[in-house]
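Okay, here's what each chain looks like letter by letter:
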Amino acid sequence: MAGGPSGPDRRQDPRQRDRGGAARRKKPVVLLIEMCLRHGWWLAWALYGLGAAWFLALPMVARGVFFDENALLPDSAASGFRHSPVLATAQGLRSRFLKETGGGASGQAWLASEMRALGLDTSVQVLDMVGPMVNASLQCSNVHGILRAPRGDGKEGMALVTPITLNSEHPGAQENHEAAALAVGIGYGLLAHFATVPWLAKDVVWVVTDGRCGSIHSMEEWLDAYQAKAASAIGSEFKRAGTLQQAVVVEVTQPTFDAVEIALEGYNGQLPKLDMYWLVKSLSSRVLGVPMLLSDRQADGRLVGMGRLFGSKGSRDHGYAGRLEAMLSFVGRLALGTPTGPHAAFKPWAVDAITMKPKLLGPGALGGPKSSRLGSKGRVVTDAGAAMVGLAETLELIFRSCNNLQEKLHHSYFMYLLVSTDRFLTIDLYMAPVALFVLAMFLRAGCLKAQAASGAQAPNWGSAFSLSSQVYCGSAALSLALACAATPPSLTLSSSIGRSLSSGAWGGGDRALAVLSAAVLIGVGCFETWLRVKSWRRPEVRPRAPPSAADVGGGEAATPPTHGAIIGAAAATQAVAICTAAAVSSAIVCVNWALAFVVLVALTPLTLIINPPTGRLQRAVNFMAILLLSPFAMFPLATALLTPGTAPSDAQGWAALAFSELPLATRMFWTCTYCPLWLLSILCGLRT
Amino acid sequence: MPGIARWLGVLMLLLGAPRPSLCASMSHTSNWAVLVDASRYWFNYRHAANTLSMYRTVRRLGVPDSNIILMLGDDLACDARNGHPGRVFNNADHSVDLYGDSVEVDYRGYEVTVENFMRVLTGRHDPAVPRSKRLLSDQGSNVLVYITGHGGNEFLKFQDNEELMAQDLADAVAQMHEKGRYREMLFIADTCQASTLFSRFDSPNILTMASSKKDESSYSHHNDRDVGVSVIDRFTYHTLEFLEQVDMRSSVTLQNLFGIYRQDLLRSTFTYQSALFSRPLNRVKVTEFLGSVTVTEPTQEVYPLSNKERLLSSPRLTSAQVPPQN
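Residues numbered from 1 in each chain as written. Chains lettered and ligands numbered in written order. Predicted model: local features only at pLDDT ≥ 70, side-chain atom pairs only at ≥ 80, totals over all residues. Heavy atoms only, no water.

Under the annotation held in an unreviewed UniProt entry, chain B carries the name GPI-anchor transamidase and is attributed to Ostreobium quekettii.

An unreviewed UniProt entry annotates chain A as Glycosylphosphatidylinositol anchor attachment 1 protein of Ostreobium quekettii.

Engineer: Describe the overall build of chain A, naming the residues involved and giving the relevant values.
Structural biologist: Within chain A, the regular secondary structure consists of 20 helices and 11 strands. Expressed as a percentage of the 688 residues in chain A, the buried residues total 53%. A separation of at least 24 residues holds for 82% of the contacts in chain A among residues at least 6 apart in sequence. (Helix = DSSP H or I, 4+ residues; strand = E, 2+ residues; numbered from the N terminus. Buried < 20%, exposed > 50% of the residue type's maximum accessible area, 1.4 Å probe, protein only. Contact = heavy atoms within 4.5 Å.)

Engineer: Before we move on, can you summarise the packing of helix α6 (residues 173–194) of chain A against helix α10 (residues 384–404) of chain A with the specific residues and values?
Structural biologist: Residues and elements named next belong to chain A. In the contact formed by α6 and α10, the axes pass within 9 Å of each other and the chain directions differ by 45 degrees. If you check the angle between α6 and α10, you find them oblique. Where α6 crosses over α10, the two elements pack in a sense that is right-handed. In this structure, α6 contributes L182, G185, I186, L190, H193 and F194 to the contact, and α10 contributes A384, A387, M388, L391, A392, L395, E396 and F399. (Axes fitted to C-alpha atoms, helices over the stretch in contact; angles between N-to-C directions. Parallel < 35°, antiparallel > 145°, perpendicular 65-115°, else oblique. Left-handed = near helix turned anticlockwise from the far one by under 90°.)

Engineer: Lay out the interface of chain A and chain B in plain terms, naming residues and giving numbers.
Structural biologist: Often, the extent of an interface is quoted as the loss of accessible area upon association of its parts. With 19 residues of chain A at the contact, the number on the chain B side is 17 residues. Between chain A and chain B, a total of about 1400 Å² is buried, with carbon and sulfur atoms accounting for 48% of that surface. By the criterion of area lost to chain B, the three top residues of chain A are S76, R151 and Q406 of chain A, representing 35% of everything that side buries. Remark: the boundary between chain A and chain B carries 1 salt bridge. (Buried area = accessible area lost by both parts, 1.4 Å probe. Salt bridge = Lys/Arg side-chain N within 4 Å of Asp/Glu carboxyl O.)

Engineer: Explain the UniProt feature "active site" (unreviewed entry) in chain B to me, using residue names and the numbers behind them.
Structural biologist: Residue and element names in this part refer to chain B. Residues annotated by UniProt as "active site" (unreviewed entry) correspond here to H150 and C192. Over a stretch of 43 residues, the named residues converge on one spot in the fold, their C-alpha atoms separated by at most 6.3 Å. Here H150 lies in the loop between β4 (141–148) and β5 (151–152). Setting aside chain neighbours within four positions, we find H150 in contact with S39, F43, N44, R46, H47, L156 and K157. (UniProt positions renumbered as here; feature names shortened; annotations may be inferred.)

Engineer: An account of the confidence of the model for chain B is needed here, citing residue identities and associated values.
Structural biologist: Confidence in the prediction for chain B averages 90 pLDDT; 89% of positions are at 70 or higher. If you check the scores for this complex, the pTM reads 0.84 and the ipTM reads 0.83. (pLDDT = per-residue confidence, 0-100.)

Engineer: Describe the sheet that holds strand β7 (residues 259–263) of chain A, with residues and values.
Structural biologist: Residue and element names in this part refer to chain A. If you trace the 8 strands from one edge of the open sheet to the other, you get β2-β3-β5-β4-β6-β9-β7-β8, paired in mixed fashion. Taken across any chain shown, the strands that pair with only one partner, and hence form the sheet edges, are β2 (121–127) and β8 (292–293). Pairing of strand β4 (residues 156–161) with strand β6 (residues 243–250) involves 6 bridges; the strand directions are parallel. Its bridge partner being in β6, A159 is matched across the sheet by A247. Contacts from α6 reach β3 (140–147), β4 and β5 (203–208), with the element oriented near 165 degrees to β5. Along the sheet, α10 contacts β4, β6 and β9 (352–359); its crossing angle with β4, the most-contacted strand, is approximately 160 degrees. (Pairing = 2+ DSSP bridges.)

Engineer: For the pattern of salt bridges, give the residues involved together with the corresponding values.
Structural biologist: All chains considered together, the criterion is met by 23 salt bridges over all chains. With its nearest N and O atoms 3.7 Å apart, the salt bridge here joins E156 of chain A to K202 of chain A. Of this pair, E156 of chain A sits in strand β4 while K202 of chain A sits in the loop between α6 and β5, placing them 46 residues apart in sequence. On the basis of relative accessible area, E156 of chain A is assigned to the buried category, the value being 15%. Residue classification places K202 of chain A among the buried residues on the basis of a relative accessible area of 1%. In this structure, R333 of chain A engages E265 of chain A in a salt bridge whose closest nitrogen and oxygen atoms are separated by 2.7 Å. With a gap of 68 residues between them, R333 of chain A in helix α9 (residues 320–336) and E265 of chain A in the loop between β7 and α8 (274–288) connect regions that are remote in the sequence. For the pair R333 of chain A and E265 of chain A, a shared accessibility class is recorded, and that class is buried. Bridged by salt links that share partners, the residues R183, E184, R279 and E288 of chain B form one connected network.

Engineer: Provide a residue-level description of the pairing of strand β1 (residues 30–37) of chain B, including the pertinent values.
Structural biologist: Within a regular beta strand, the side chains point alternately toward one face of the sheet and then the other, so they alternate between its two faces. Residue and element names in this part refer to chain B. Burial analysis of β1 places 8 of its 8 residues in the buried class, the great majority of the element. What you see with β1 is no split at all: S30, W32, V34 and V36 on one side and N31, A33, L35 and D37 on the other are buried throughout. Sheet analysis places β1 next to β4, joined by 8 bridges and oriented parallel. Following the sheet pairing, V36 is matched in β4 by I147. Sheet topology places β1 next to strand β2 (residues 68–72); 5 bridges connect them, and they run parallel. Its bridge partner lying in β2, V36 is registered against M71. Crossover β1 to β2 through helix α3 (residues 45–60) is right-handed. (Right-handed = clockwise from strand over helix to strand, strands pointing away.)

Engineer: I'd like a description of the UniProt feature "transmembrane region" (unreviewed entry) in chain A, backed by residues and values.
Structural biologist: Residues and elements named next belong to chain A. Under the UniProt annotation, the feature "transmembrane region" (unreviewed entry) is placed at residues 41–62, 429–450, 565–585, 591–611, 623–647 and 667–686. The distance from the first to the last C-alpha atom of residues 429–450 is 32 Å, and the span holds 100% helix and 0% strand. For residues 591–611, the end-to-end C-alpha separation is 31 Å, with 81% helix and 0% strand making up the annotated structure.

Engineer: Can you lay out the packing of aromatic side chains for me, pointing to particular residues and giving the numbers?
Structural biologist: Residues and elements named next belong to chain A. Going through the model one piece at a time under the given rule, you end up with 30 aromatic pairs over all chains. With centroids separated by 6.0 Å and ring planes inclined at 85 degrees, the aromatic side chains of W45 and Y48 adopt a geometry described as edge-to-face. Here the residue W45 and the residue Y48 both occupy positions in helix α3 (residues 40–57), the gap between them amounting to 3 residues, near one helical turn. Owing to a relative accessible area of 26%, W45 belongs among the partly exposed residues under this scheme. (Phe/Tyr/Trp six-rings, centres within 6.5 Å; stacked < 30°, edge-to-face > 60°.)

Engineer: Describe unusual backbone geometry, listing the residues and the values that go with them.
Structural biologist: Despite not being glycine, D75 of chain A shows a phi value in the positive range, around 60 degrees. Of note in the backbone geometry, N205 of chain B takes a positive phi value of approximately 60 degrees without being a glycine. The topology assignment puts N205 of chain B in the loop between β8 (184–190) and β9 (206–210). Looking at N205 of chain B, the relative accessible area reads 1%, which means it is buried.

Engineer: Can you lay out the sheet that holds strand β6 (residues 155–158) of chain B for me, pointing to particular residues and giving the numbers?
Structural biologist: Each strand in a sheet pairs with another by means of backbone hydrogen bonds, the pair being arranged parallel or else antiparallel. All names here are of chain B. With antiparallel pairing, the 3 strands of this open sheet are ordered in space as β5-β6-β7. Among the strands making up the open sheet, the edge pair consists of β5 and β7 (162–165). In this structure, β6 lies alongside β7, joined through 4 bridges in antiparallel fashion. Counted as the bridge partner of F155 is M165 from β7. Along the sheet face, helix α4 (residues 114–122) touches β6 and β7 and points at about 30 degrees away from the line of β7.

Set out below in C-alpha cells:
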C-alpha cells in the first residue's frame, strides 16, 4: 500500500519491500560488510591487537643495511691524507688557531684570512639576529670557502660543515676552543689535501658556522643565503659553488673522542638517504675503529630510551630488548620532529646531509669498562692530532665516494626505521600497524553509523534536531575533507614556521597558512561538538493527536524520542568524530609517520572503548578510558617511554615543553586534533 | 630430372629452408671487429677497459683501424674523476695505457645506442654516415663482435637508458646472413647472464662465447685503489691473459682458448654455443677472428694509371695545367 510511514512500526514503504525482496540475492561483498559491522567491535579490537603485535615483532625481521647505489664505490680508493704533505700544515694551523684566537668574532676573521691564503673563494656572512632570546651585543658570523675542482664543470658541489662555538665567557670555553681548533684543523687539512688530488670532479664548500647563535639556526641562515632565498642575497659578495648535492656536518664538541654518534633525524621525521648513513657509518667504523652510535644517548653516554629498564645497550645491542629499545627511541625522535643536528637544514633544499658527532663518553658508558666484547673497538683517540688525522681520513673517503656519484643518490631508501646501527626496516613493514589502526577506527565508525541508522528509524522527531540523511552525510563529508586538507600544510610548513617563531619574524604566507590550518582543525572539532550538543536538546513532550487521513503525507507531530533514537544520535556524532580522527591521522601519516603512529596507539583504544553510555557500567568504563587516555596522561607517558632524556622534572618544565619547546607540528597536532577528539569523547561518553 | 630439381628448388624456397652454407665455402678474405661498451658513468670504468683491451689486442694481431668499429659509451679517460687524465688502465699495476694517442673511437658517448648498433650490423645507414662508421664486410669476412656492459635475461642495457633484446640481435644477424655480410661470426659477451643474449640465434656459421649463463652474474676481477674503481672483469682478464701468448703467426685454436675458463677463476659458468658453426673448434685458429687476413702479392708491374692521374701525380704540374682528358 502506498503512502509514507505513519507510525514507528510500519515499514511498508516500497523501498523496504524491495530491499526485503532482494535479501535473497545480496552480493557477497554486501554480506561481508554486514558481517563486519555486526561483529565490528570485536573485529576492531582484533585489528588493533594485530597492529600492536606486528609492531612488536618488527625488530626481529629487520634486515641488514646495505649499499643500494652502485655508483658510490665506497672504500674503493685508498686515502692519501695520512701521507700527504698538507698534514703538517694542518697540524700547524690547529695549534696556531689555539694560540691566536681567543674567542669572539676575531676567530672568524682569522679563519677567513687563512682560507684566502689557502686559495679558497671565501665569504663571511654576518647574521643579524632579532628577537628577545638573542643577546643584542652578540654578533655571529658564518665563514665559508670554496675549492673549485680544476677539471670539474663547476655545476655541482659537496659541503663540509664544521660548526664551532667560540665563547670566551661561557663555562667550558677552553674545551670549546680546543674542539673548535680540531674542527678547523680537519676542514683546513681536508681542503688543502683536496687542492692537490687529481680526482676531484665537484667543488667542495667548507662552511664554518657559528654555534653561538644555534648550530641549526646559523646553518639555516647560511643555506638561505646560498640558495638566494632573499632577493638581496643575489649578486652580493656571497660566493657559491653550483648545486649542493651532498653535505656532511662534523659537530666536534670535545678535542678527543672514543665513539662517534651519527645523527639522522631532521624536521618532522625527515631522514637522509640510507646510503648516506651507511657510507658514513661503515667508513668511520673501519677507519676510526670506535663504536658508532645513533642518537639514543645522552651527553654522558647513558641510554635515553626505556631499554635501560631491560639492561639493553641501546643500538649496540643486537638482542630483542636492545633492538626494541632502539626502534622505540627512533620512533620517538621521529614523532617529536625536532632535528638532531644541523643537517636538518639541508633537507628542504633536496641535499642529502648527515651529522657526525665524535664524542668522549668515558670508559663505563658503553656496557662496562673495556669489556672483551668491544674487542678492537675499545679505542680511545686520546690525541687531538690523531683525532684530526683519523676524522680527516674518514671524510676524505666519504667525499671521494660522493665525488663518484653522478649528481646525487638516485637509489636508496629515504623512509626507514633503524633498529640498531646496522639493521633497518623498510616502509612496507612499518606502515602496516598504522594502516591496521586506521582500519580499526573506520570499522568502529562504520559500526556506530550502522547502529545510529538502526536506532534512528524512529520518525517524528522534532525538526529542531532531526537531520535528514543527506544533510548529515554532506556535513560529515565536508568536515572530513576540510580536516584532511588542513593537516598536511600545517605540518609541512612547521619547520619554517618554527624557525619564524624562534627568530620572531613571521613570513606573511607562513603565518596565514598556519592560522588557517589551525582554524580549520579547531573549527571541525567545534562543528562536531555542536552536532553533539544539539542532539542533547530534545523537544518537550506534547500530547499526540490520533493520525487522521490528512496526516498521510508524513505528519511531524512531536513524540518523545525513544531510547534507541537517543543512542543512535550519540552514535552518529561519535561516528563522525572517529571518521575525522582516522582521516586526519591518515593525512598525517603522509607527512610524519611516527607522529601518526604514536597518537593512533592511544587514539584507537579510546575510540573502541567509548561506547554510547547505555548504563552505569558503560559510563564508568567510558570515564576510566577518558581519564587514562587523556592528553594529560598520554603526553607524559609518551615522553617517558620514547624520549625520557627530554622529560622535565616539574610542572613548569612540562608546560614549557608542551607549549614552546616542541615543534609546532607536534603542538598543533596535540592541541588541534587529539584534544578536541578527547573532549568529544567526554561529550559522547558521559552524557546521553 | 632437371624438372624435379627445379621443383625441389622452388619447394625449398617456398618452405624457407635454410640455404646450404655457401658462406663457409667462400674463402676468408678479410677480418672485421665490432667492439661495444654499452655502459656509461664512472663506476662502469671496467667495461670501457674491457673493450679497449680487446681493441688493443685485435689491433696488435693485425686488424687495422679501418676494419674496427669501436663504440665506447662514455669517455672515461677525460672524466674529471680520473686521477690519470687521458689514460685508461686494465690493471692496478698501470702497465698498459689502453687509451694513449692512437685510439680511434668510431661511436662515442651518446652515439652508442641500440639503433646505431643495429645499423652497424645490418649496414643500413643514413647516406651521410662516413665510411669509418660502417661495417663494410662481405661474404668473405670473418666478423668479431665483442659486447660488454650490464645485461640481464635476454637483454643488454645501453647507457642505463634502453635495452638491446636478444631477439632483435638475432634478427639483425639473420639480415646479415641474407645480405651476405659475413662468412663466419664470433660473438663474445662479458655481461651478467651473457648467454641469454645469444639464445635466439638461428643463422648459420655463428659461434658465441658468453661469460655467464642465465641467473648468473659476471664479476669484476680486481679493484685499483689508486684510480678508485674496478678496472677489469674476470672473463676479459683471463681471456687477455691467454691472448698475451698469441701473436700473428700463432696457431692456437679456439679449443685451447675455451679450455682456460674455469668456474673457480670466473666465479661464473663460461658458456659457448657452436651448434650453428660448421667447423670443429680445434681446427679454428684464434687469429682467424682476432687477427687479420691480408693476401699480399708482390709484383713487378706498375699499377696502370690513366693519363690525367699520371700527370696529377707529378709534383710540378697543378690541375689547371693538365690538358683536358680526351
